[in-house]
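Given next are the chains, with one letter for each unit.
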Amino acid sequence: MYEDIWPTIFEAIADGASLKSALRHLNPSPSYAWAKKTLRNDPELHAQYREAQQDRADRLAEQIIELADTPMPKGLEGKERSSWVQHLRVQIDARKWTAAKLYPRIYGERLDVSMTEARISITAALAEAERRIIDGQLLDQSVGLVEGSPTDKSLN
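My aim in this report is to walk through the structure given alongside it, one point at a time. All values derive from a computational prediction rather than experimental measurement.

### Describing the packing of aromatic side chains
- A complete count under the given rule lists 3 aromatic pairs for this structure.
- Measuring from centroid to centroid gives 5.5 Å for W6 and W34, while their planes differ by 20°, and the two rings are stacked. Residue W6 is located in helix α1 (residues 6–14), and its partner W34 is located in helix α3 (residues 32–41); the two are separated by 28 residues in the primary sequence.
- Three or more aromatic residues joined by ring pairs form one cluster here, namely W6, F10 and W34.

Okay, here's the thing in structure tokens:
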């Protein structure tokens, strides 16, 4: 029934529209529930939808730059100026959040969770400990201990 409308829907999404908004501009307008069910049941269509969402994230990132570069309207003072800046900030934050959710690999927060492999050999650790004990005993014999020092084994 609506199969031929998907390219139009994907184009609207890639240009920054939500799925609901893209559907609303069609005549007749299919329901959101129908669209989601169709996407769920058609893997190829769902893959195209994901690509359109990634394109939407790219468009939102471009809009962030456009909004940030928007010059302040002349004549704004005090509360009006503050209100305009706050409105712009909300628009930018909404686009940042949405872009990060739509395309997290590119626009999401990056956390470094890499680990380095550290293997411990128990036998090597024991051999090293034994070597230090022997080296310490040789050192004690060559230096000569002062009676009553903490390393004087005769007091123990």
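### Some words on the pattern of salt bridges
- The final tally for this structure, using the stated rule, is 5 salt bridges.
- In this structure, E66 and R59 form a salt bridge, with 3.2 Å as the shortest nitrogen-oxygen distance.
- On the accessibility criterion, E66 (43% relative accessible area) is partly exposed.
- Salt bridges sharing common partners tie together R59, E62 and E66.

Conventions used here
- Residues numbered from 1 in each chain as written.
- Predicted model: local features only at pLDDT ≥ 70, side-chain atom pairs only at ≥ 80, totals over all residues.
- Heavy atoms only, no water.
- Phe/Tyr/Trp six-rings, centres within 6.5 Å; stacked < 30°, edge-to-face > 60°.
- Helix = DSSP H or I, 4+ residues; strand = E, 2+ residues; numbered from the N terminus.
- Salt bridge = Lys/Arg side-chain N within 4 Å of Asp/Glu carboxyl O.
- Buried < 20%, exposed > 50% of the residue type's maximum accessible area, 1.4 Å probe, protein only.

This is a description of form; function is not addressed.
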